[in-house]
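Fold and contact review
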Amino acid sequence: MILAAVVALGLVKLVLPIVQDALHTGDGAVIRAEVRLINQCPLANSSFAVRNTDTGRSIPFSNGRAQIEGAQGTYLQIVLASRFDDVTFSGEKQRIKPQMTMTADCTSGERMRGVMDGIGDKFGN
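The paragraphs below set out a description of the structure included in this document. Here the structure is a predicted model, which means the values were calculated and not measured. (Residues numbered from 1 in each chain as written. Predicted model: local features only at pLDDT ≥ 70, side-chain atom pairs only at ≥ 80, totals over all residues. Heavy atoms only, no water.)

**With respect to the side chain of Asn52**
The residue Asn52 is located in strand E2 (residues 48-52) in this model. The exposure class of Asn52 is buried, given its relative accessible area of 2%. Only 3.1 Å separates the side chain of Asn52 from the backbone nitrogen of Thr55, close enough to count as a polar contact. At a separation of 3.1 Å, a polar atom in the side chain of Asn52 contacts the main-chain carbonyl oxygen of Glu69. Setting aside its immediate chain neighbours within four residues, Asn52 contacts Arg57, Ile68, Glu69, Gly70, Thr74, Tyr75 and Leu76. (Helix = DSSP H or I, 4+ residues; strand = E, 2+ residues; numbered from the N terminus. Buried < 20%, exposed > 50% of the residue type's maximum accessible area, 1.4 Å probe, protein only. Polar contact = N/O pair within 3.5 Å; in protein donor to acceptor, adjacent residues only side chain to side chain. Contact = heavy atoms within 4.5 Å.)

**Describing the packing of aromatic side chains**
Enumeration according to the criterion identifies 1 aromatic pair in this entry. Judged by centre distance (5.6 Å) and plane angle (70°), the ring pair of Phe48 and Phe89 falls under edge-to-face. With a gap of 41 residues between them, Phe48 in strand E2 and Phe89 in the loop between strand E5 (75-80) and strand E6 (90-95) connect regions that are remote in the sequence. Of the residues examined, Phe89 reaches a relative accessible area of 4% and is grouped as buried. (Phe/Tyr/Trp six-rings, centres within 6.5 Å; stacked < 30°, edge-to-face > 60°.)

Structure representation (structure tokens):
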């Protein structure tokens, strides 16, 4: 009986973090993410920032890297730097973790042509 209780308690301790992560619950621990940018766009790395989707805070990339904090379960997203306030670009969202690689993908298409035209207009091209 005692052995069964010990085994059950051990299983709960093992499974609980997995369930909390799946349900986006937990202790609300803050994670400091080091984000590396893979830039597949005809823009400088400094044209992009990483944004915490919960707080709206954006941190620009410097030398292809940015550090940003967020609560466990928060999503981060690649966006254009704030100087491009008239143009929007939103990359895919990824859940925050200490080491991350995110991609700015400017594949051809109608949507990206609009983004690139908007950036060109911003600089008078």
